[in-house]
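Listed below, chain by chain, are the residues.
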Number of protein chains: 2
Amino acid sequence: MAEPGRPGEDELIARYFRPLAGEGAFQLLDDAATIRPPAGRDLVLTTDALVAGVHFFPDDPPDAIGWKALAVNLSDLAAKGAEPIGFLLSLALPPDWTPDFMAGFSAGLGDCAARGGCALLGGDTVRTPGPLTLSITALGAVPPGGTVLRTGARAGDLVFVSGEIGDAALGLRLRLDPSLGARLDPAARDCLLDRYLRPRPRQALAPVLLAHANGGMDVSDGLVGDATKMARASGRGLRIDLDRAPLSDAGRALIASDPALFEVAMTGGDDYEILCAVAPARAEAFRAAAAAQSVPVAEIGVITDGPDIAFIAGGAPARFARGSFSHF
Amino acid sequence: MAEPGRPGEDELIARYFRPLAGEGAFQLLDDAATIRPPAGRDLVLTTDALVAGVHFFPDDPPDAIGWKALAVNLSDLAAKGAEPIGFLLSLALPPDWTPDFMAGFSAGLGDCAARGGCALLGGDTVRTPGPLTLSITALGAVPPGGTVLRTGARAGDLVFVSGEIGDAALGLRLRLDPSLGARLDPAARDCLLDRYLRPRPRQALAPVLLAHANGGMDVSDGLVGDATKMARASGRGLRIDLDRAPLSDAGRALIASDPALFEVAMTGGDDYEILCAVAPARAEAFRAAAAAQSVPVAEIGVITDGPDIAFIAGGAPARFARGSFSHF
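Quick caveat, the model's predicted, so the values are computed rather than measured.

Turning our eyes to something else, we now look at the overall build of chain A. When you go through chain A residue by residue, the secondary structure sums to 10 helices and 12 strands. For 328 residues, the compact-globule formula gives about 20 Å, and the C-alpha radius of gyration of chain A, at 20 Å, lands near that figure. When the 328 residues of chain A are sorted by exposure, 61% land in the buried category. Considering only contacts within chain A whose residues lie at least 6 apart along the sequence, 87% involve residues at least 24 apart. Accessible surface for chain A amounts to roughly 12000 Å². Of this, 52% is attributable to carbon and sulfur atoms. Measuring between centres, the 29 positive side-chain charges of chain A sit 4 Å from its 40 negative side-chain charges.

And the structure:
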């Protein structure tokens, strides 16, 4: 029900979400959307939920919250080789939501959607006595049977990871303990903070994975834990040289100030980079295709017959207190 | 993270949700599902969120919560004329969730899925410091361009509603004030309570709507409010005779004990019946097709050129304190 200064549900939808609505969303005036799926393609479907205080800080910039809610889903689609089609948003709003929040949130969501080439198809808005809770279901398209699976890695495959690992987890540390920022120049500090706030889904890698990868997933729960998941799901082992895990200059600088932060970088989560397994014979073509998309990729290890899962750091087996971050 | 006596996220998914997983869900081992959409059909997509304490009582039977979470989505699909394909579940669990709750919840969800002919395709499970929050996105299929829209009603169309109106809202009243139950025999009381707990989506009407209706929606926010929405969305007016709104014997008995409850029945929500607009020339065929599906339908009014929205009760214009229930 509308309160002074705040719109009711219909006006909220009209003001903040109708501008994001795509074809088939019927201007968000109906209870359902209708799309005509691309002929001769499979549909890839993914859902990710975010809860204030668990997956983001309630006082994060509203546009960053909106951006992240969609970005984490587009990251899943990219890892499966899928091209985004659209998304549905489920939004549970706490009693103290403000029009300013909604304006920022929808702007960030819209930016991510526009960059990702997908539109809002529908959703639901409800109230909650609890924290702001968001769930997005995103749809993408792949050629028939083409989905890149977590279970697809084969023994002997080389393991690649995109971009840089650990920046978001280090950014989260900076957020929790701002005094750490004094160890960095302001630009490096802001870079890490931004990587936590605004993950960039690696959509440009989707066609590269389709063409060359046997298996893949996005790195959302930390490189160590997610690489382990991919190997186990594929019924294999792996050997990863964490010294070859790509670090940003900012990440490297912060880790240099406290080597214990290396573990945070390798296990901390929220990277939203792509981890994939590529047959050695395809590795050169994979590298070239990634380079053509301007996405850096680093070879960090190999899938083994199994079952051993080995991470090497500083030339010795690495032992971490926790293997992966769990939002659960 | 796992706590004593409770499984961690992977085991929770394996134990409670993997048995519900359908083709393309990859046993819920991946971050995304893949489906091959039915050739030559449009996809209908809908999302509904439910929050404990807002959309259901935290102490409702867990299987009823699981049932309802999917049923309200299947009701939307039915109203659009769509045949269910599958669904994704986003689940935010509070700290005090129990294995017993999850067992009941997944059983009720699975019952509704089996009855609805659709399977779990994927989802996300997260923790929340707030109330249990569920969001389901359901997918269905319709012939190309066939989606039955809220906006499709035309002037002169007859307005039909399925089943019985008001039972769920009256069941909610009984739930809030158990002393009301003394006015009914136990079977009638249980019938109303059950209608609130376990809505039955009118899936059998989907092909009937496709064949004969110009416009339609499900009745989730009360007959009065939803009929108004359909007329307004179609750019029309309407005239509804609420004395013709179908009541169950139990509903009629409770209203007889307190005529003020008539308003509750007409505006209360949670009916999950179908409201539709049918051209007079199609009305006989519509009735026959609904009867062939064993779904009762009642003609309750007419779509007008507009813009007047008129509800008649007891032969006079009805005035209600609130036109519709809003979960927002």
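So much for the structure itself; the text now carries on.
Residue and element names in this part refer to chain A. As assigned here, chain A comprises domain 1 (9-142) and domain 2 (150-317). Spacing between the C-alpha centres of domain 1 and domain 2 amounts to 26 Å. On the side of domain 2, 21 residues touch domain 1, which itself brings 24 residues to the contact. Between Asp60 and Arg175 there is a salt bridge, with its nearest N and O atoms 2.2 Å apart. Scanning the region where domain 1 abuts domain 2 turns up eight residue pairs in polar contact (both at pLDDT 80 or more). Going through the elements one at a time, α2 (62-79) and α3 (99-116) are the ones with two or more residues in the side of domain 1 that touches domain 2. When residues in the side of domain 1 that touches domain 2 are grouped by element, the largest group, 11 residues, is from α2. Split into classes, the residues belonging to the side of domain 1 that touches domain 2 amount to 13 nonpolar, four polar and seven charged.

What follows covers the relation of the copies chain A and chain B. Superposing chain A onto chain B requires a rotation of 180° together with a translation of 0.0 Å along the rotation axis, leaving an RMSD of 0.0 Å. Those values place the two copies in the arrangement expected of a two-fold rotation axis. In terms of C-alpha distance to the rotation axis, chain A has Gly130(A) as its closest residue, with the C-alpha 2.1 Å off the axis. Taken together, the interface assignments show that 100% of the residues at the interface of chain A recur at the interface of chain B, consistent with an identical surface on both copies.

A few words on the packing of helix α2 (residues 62-79) of chain B against helix α3 (residues 99-116) of chain B. Residue and element names in this part refer to chain B. Relative orientation of the contacting elements α2 and α3 amounts to 35°, with a least axis distance of 6 Å. Like other packed secondary-structure pairs, α2 and α3 cross with a definite hand, here right-handed. Between α2, through Pro62, Asp63, Ile65, Gly66, Trp67, Leu70, Ala71 and Leu74, and α3, the contact on the second element is made entirely by Phe101, Gly104, Phe105, Gly108, Leu109, Asp111, Cys112, Ala113, Arg115 and Gly116. Its residues placed into classes, the contact of α2 with α3 shows 11 nonpolar, four polar and three charged.

What follows deals with the packing of aromatic side chains. One pass over the structure, following the stated rule, counts eight aromatic pairs over all chains. Between Phe101(A) and Phe105(A) the ring centres are 5.8 Å apart and the planes differ by 20°, which places this aromatic pair in the stacked class. Pair noted here: Phe101(A) and Phe105(A) are both in helix α3, with a separation of four residues, about one helical turn. With relative accessibility at 0%, the residue Phe105(A) sits in the buried group. Considering the side-chain rings of Phe160(B) and Phe286(B), the 4.7 Å spacing of their centres and the 55° angle between planes classify their relative orientation as tilted.

Turning to the sheet that holds strand β7 (residues 213-219) of chain B, a few remarks are in order. All names here are of chain B. A sheet is described by the order of its strands in space; here seven strands give the open sequence β7-β9-β6-β10-β8-β11-β12, paired in mixed fashion. On the outer flanks of this sheet lie β7 and β12 (316-317), each paired with one strand and no other. Judged from the two bridges that link them, strand β11 (residues 309-313) and β12 form a sheet pairing that is antiparallel. In the sheet register, Ala313 faces β12, and the bridge partner there is Ala316.

Criteria and cut-off values
Residues numbered from 1 in each chain as written. Chains lettered and ligands numbered in written order. Predicted model: local features only at pLDDT ≥ 70, side-chain atom pairs only at ≥ 80, totals over all residues. Heavy atoms only, no water. Helix = DSSP H or I, 4+ residues; strand = E, 2+ residues; numbered from the N terminus. Rg over C-alpha atoms; globule rule 2.2 N^0.38 Å. Buried < 20%, exposed > 50% of the residue type's maximum accessible area, 1.4 Å probe, protein only. Contact = heavy atoms within 4.5 Å. Areas by Shrake-Rupley, 256 points an atom, 1.4 Å probe, with all protein chains shown as cover. Lys, Arg positive; Asp, Glu negative; His and termini not counted. Charge placed at Lys NZ, Arg CZ, Asp CG, Glu CD. Domains from an automatic or database assignment. Salt bridge = Lys/Arg side-chain N within 4 Å of Asp/Glu carboxyl O. Polar contact = N/O pair within 3.5 Å; in protein donor to acceptor, adjacent residues only side chain to side chain. Nonpolar A, V, L, I, M, F, W, Y, C, P; charged D, E, K, R; others polar. Least-squares fit on C-alpha atoms with pLDDT ≥ 70 in both. Axes fitted to C-alpha atoms, helices over the stretch in contact; angles between N-to-C directions. Left-handed = near helix turned anticlockwise from the far one by under 90°. Phe/Tyr/Trp six-rings, centres within 6.5 Å; stacked < 30°, edge-to-face > 60°. Pairing = 2+ DSSP bridges.

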